[in-house]
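Chain residues, written in single-letter form:
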Amino acid sequence: MEHRRSIVILDFGGQYAHLIASRVRRMGVFSEIREPETSAEDLKHAAGIILSGGPQSVYDKGSPQGDPQIFDLGVPVLGICYGLHWLTQTLGGEVKGGKVKEYGRTEIESTAPKDFGLLQGCPKNFTVWMSHGDEAVKLPKGFERIATSDSCENAAFADSARNFFALQFHPEVTHTEHGLTILKNFVGLCDADPWSIESYAKHIGEEIRRDVGDNKVFMLVSGGVDSTVAFTLLNEVLGADRVQGLLVDTGLMRKDEVKMIKDAFDVLGITNLHVEDASEEFFRALDNVYEPEDKRKAIGNTFLDVQKRVSAKMGLTTESGWMLGQGTIYPDTIETGATKHADQIKTHHNRVEAIQKMIDKGLVIEPLKDLYKDEVRRLGEELGLPHDLVWRHPFPGPGLGVRILCAKEAMSVQDAGLHIDVSHAVLPVKSVGVQGDGRTYRHALALFSHDPFSVPENHWKLATEIPNKNKNISRVVQCTSHSEVPSFVFTPDFLTRERADLLREADNIVLEEMRRSGLYESIWQFPVVLLPFGTTKNGQSIVLRPIDSSDAMTANASSLPPDVLKRMTERILKISGIDCVFYDLTSKPPGTIEWE
Ligand code: XMP
């Protein structure tokens, strides 16, 4: 895509570059992320350059450095935070190293002439998000201050003749008032190519045809949004006789999930998806497996076995002219400044060695590799996939497999060390949590209340305090099926089809109730978990785990309205074999989103 005139974001680290790039695209202009060291020679197609923020100080050893010649390209440049510091130093100004790194909202005052381009549409005073650390104490030649604050004299400055701008604060984050206006004003000064998902769909078609040549494409379709959209796009561009999809039914998918995907494809006339029902094989591999990580391994290995066997049987090999299609998206492909300079490059599963070798040989096609998730979703709708399908909540690769807890024996605690005056019980199972950078594996604590559908303030408080302090407990739930502690009966069990079916029913009720109450789009993810105990022999329990998050790294338990909680609980209790329902109140950390 190098030939396009784009806004290039040089990624100096932190989490900012992707945020800026996706915001710019939403303004209808093409943007891309490049490593900070990218040479000016390689940036000749840039219509404007944004130097992103980053966590380091320009005085740190090995801090990222750009190519000073980018300032001779004759295009507008915007330096943000670290970008401002590097710009200042490079152009002959002076940066003072600050010690305290304190993040927060600050009020700034514009000192620019009225109608100054970059601040067009902003009031004289407004609140911004700033990270106090280094700051510019002497401006480079040709620059003038355009905003100031109590804590930072040169909060923003500009060289209007050359269209160079520098901001000590982050315009891309939502805490900065008018931040998007500022970004938009900058983008307006750059002569970048327009960007829209419709034009992308047209443009990518040519690219796919060119890259695939006379080959054909084989794709694993998981049911997830990315692979579903990629498969649809390949079909649209190449035609059904040159594309083959394979969906492995693991037996761990949601109720009617395979049917929903097949139906969506049917409407579009896409019939070249082979569904392999391998559920028997998966349940066999999970027979007598109890440990969370062992289950993940068993599922992963079985998946590979099935995929190899079926693709060989169908003759889908590279030797017979088949390339591999993948639903990789933009954030997966970019080695960002954040990972690069933190020395902790994460290998994404779409980039493992065997796949990388195929990529080097030109045997892999990734038609979504320039898109962000929300763009993939819009493209999916553009291609005619149903709204509900492309806007689905994230779902883990191993499916319901990580939501069915297995145990050989009840895990009891003699003395949990709790001194609380709320009616409570330590549940006889353990679940995974996070503390610092480490994994924990501890009990869940259930709290009881005379009104089980509303959560009293002190329960929320205990849900934060207990897992943070107590060595035995990693999460806190409220029981919504009982107002007093019942006697629990534990039944040893592993992952069986019967248990998967039970969970599928409960999960489907939750989905229906979320949609009915209009909560589906506001809740980020809603795992439903099955526990191997109830109040009768063979009885089981269900955990409701709605969460709010933006990136799954941290999360808060969503607060469910009592009437919704009541309807979900009552319907789930009607499923034969389910005795208890719990509502998980724990945030991440100290809990994780999934229970294992
Ligand atoms: P945790 O439980 O670690 O989950 O807070 C964070 C996000 O990752 C998803 N998740 C997985 N996704 N394979 C996946 O593809 C897995 O093994 C897996 N485990 C957790 C989880 O659903 C959440 O969105």
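Residues numbered from 1 in each chain as written. Predicted model: local features only at pLDDT ≥ 70, side-chain atom pairs only at ≥ 80, totals over all residues. Heavy atoms only, no water.

*Asks:* Outline the sheet that holds strand β19 (residues 473-479), listing residues and values.
*Replies:* In space, the six strands of this open sheet follow the order β17-β18-β19-β26-β23-β21, with mixed pairing throughout. The open sheet terminates on both sides in strands that have one partner only, identified here as β17 (424-435) and β21 (528-531). Each strand axis lies, on average, 35° off the axis of its neighbour in the sheet, ignoring direction. Here three bridges tie β19 to strand β26 (residues 578-584), and the two strands are oriented antiparallel to one another. Bridge assignment links Val 477 to a residue of β26, and that residue is Asp 584. The strands that helix α15 (residues 497-516) touches are β21, β23 (540-544) and β26; relative to β21, the one it contacts most, it runs at about 145°. (Pairing = 2+ DSSP bridges. Helix = DSSP H or I, 4+ residues; strand = E, 2+ residues; numbered from the N terminus. Axes fitted to C-alpha atoms, helices over the stretch in contact; angles between N-to-C directions. Contact = heavy atoms within 4.5 Å.)

*Asks:* Quick one: what's the story with unusual backbone geometry, residue by residue and with numbers?
*Replies:* The omega torsion across Lys 588 and Pro 589 is -15°, close enough to zero to call that bond cis. As for its placement among the helices and strands, Pro 589 is situated in the segment after β26. Between Pro 589 and Pro 590 the backbone carries a cis peptide bond, its omega angle lying at 5°. Along the polypeptide, Pro 590 turns up in the segment after β26.

*Asks:* Can you break down the sheet that holds strand β13 (residues 243-249) residue by residue, with the values?
*Replies:* Backbone-to-backbone hydrogen bonds join strands into a sheet, with any given pair of strands oriented parallel or antiparallel. Sheet architecture is open: five strands sit in the order β14-β13-β12-β15-β16, paired in parallel fashion. Strands at the two margins of the open sheet, each flanked by one partner only, are β14 (273-277) and β16 (364-365). Two strands pair when backbone bridges link them, and strand β12 (residues 216-220) and strand β15 (residues 322-325) are joined in this way by four bridges, in the parallel orientation. Across the sheet, Met 219 pairs through a bridge with Gly 325, a residue of β15. Contacting β12, β13, β14 and β16, helix α5 (residues 225-238) runs over the sheet at an angle of about 160° to β12. Across the sheet, helix α8 (residues 292-313) lies against β12, β13 and β14, angled at about 130° from β14, the strand it touches most.

*Asks:* Lay out the side chain of Asp 249 with the relevant residues and their values.
*Replies:* Structurally, the position occupied by Asp 249 is in strand β13. Buried charge without a salt bridge: Asp 249, with Arg 504 as the nearest opposite-charge side chain at an N-O distance of 6.3 Å. There is a polar contact of 3.0 Å between the side chain of Asp 249 and the backbone nitrogen of Gly 251. Those residues in contact with Asp 249 that lie beyond four places of it in its chain are Val 258, Val 275, Glu 276, Asp 277, Ala 278 and Ser 279. (Buried < 20%, exposed > 50% of the residue type's maximum accessible area, 1.4 Å probe, protein only. Lys, Arg positive; Asp, Glu negative; His and termini not counted. Salt bridge = Lys/Arg side-chain N within 4 Å of Asp/Glu carboxyl O. Polar contact = N/O pair within 3.5 Å; in protein donor to acceptor, adjacent residues only side chain to side chain.)

*Asks:* Describe helix α14 (residues 457-469), and please don't skip the residues or the numbers.
*Replies:* The first and last C-alpha atoms of α14 sit 19 Å apart over 13 residues, in line with the 18 Å expected at 1.5 Å per residue. The inward-facing, buried residues of α14 contact β17, β18 (438-447) and β19. (Expected span 1.5 Å × (residues − 1).)

*Asks:* Could you give me a rundown of the nonpolar core, with the residues and numbers involved?
*Replies:* Grouped together as the largest cluster of nonpolar side chains are 60 residues, with contacts concentrated most on Phe 526, Ile 542, Leu 544 and Ile 572. Considering each element in turn, this core owes the most residues, seven residues, to α15. Mapping this core onto the domain boundaries places at least three of its residues in each of domain 2 (197-401) and domain 3 (424-584). Those residues in contact with Leu 544, other than ones at most four positions away along the chain, are Val 510, Phe 526, Pro 527, Leu 565, Met 568, Ile 572, Val 581, Phe 582, Tyr 583 and Asp 584. Core analysis: the next-biggest nonpolar cluster, separate from the first, contains 40 residues, Ala 21, Val 29, Phe 126 and Ala 192 among them. (Core = buried A, V, L, I, M, F, W, Y, C linked by side-chain atoms within 4.5 Å. Domains from an automatic or database assignment.)

*Asks:* Could you give an account of the packing of α5 against helix α12 (residues 373-382), with specific residues and numbers?
*Replies:* The interhelical angle for the contact between α5 and α12, taken along N-to-C directions, is 45°, at an axis separation of 10 Å. Here α12 runs oblique to α5, going by the angle between their axes. Judged by the sense of rotation from one axis to the other, the crossing of α5 with α12 is left-handed. On α12, the residues that touch Val 225, Asp 226, Val 229 and Leu 233 of α5 are Lys 373, Val 376, Arg 377, Leu 379 and Gly 380. (Parallel < 35°, antiparallel > 145°, perpendicular 65-115°, else oblique. Left-handed = near helix turned anticlockwise from the far one by under 90°.)

*Asks:* Before we move on, can you summarise the domain arrangement of the protein with the specific residues and values?
*Replies:* Often, the extent of an interface is quoted as the loss of accessible area on bringing the components together. Domain assignment breaks the protein into domain 1 (6-187), domain 2 (197-401) and domain 3 (424-584). On a C-alpha basis, the centroid separation for the pair domain 2 and domain 3 is 31 Å. Every contact between the two is made by 25 residues of domain 2 and, on the other side, 21 residues of domain 3. Buried surface at the junction of domain 2 and domain 3, summed over both partners, amounts to about 2,000 Å²; 53% is from carbon and sulfur atoms. If you look at where domain 2 meets domain 3, you find 10 residue pairs in polar contact (both at pLDDT 80 or more). Elements supplying a minimum of two residues to the side of domain 2 that touches domain 3: α7 (279-285), α8 and α13 (387-390). Sorting elements by how many residues they give to the side of domain 2 that touches domain 3 places α7 first, with three residues. Classifying every residue of the side of domain 2 that touches domain 3 by side-chain character gives 12 nonpolar, six polar and seven charged. (Buried area = accessible area lost by both parts, 1.4 Å probe. Nonpolar A, V, L, I, M, F, W, Y, C, P; charged D, E, K, R; others polar.)

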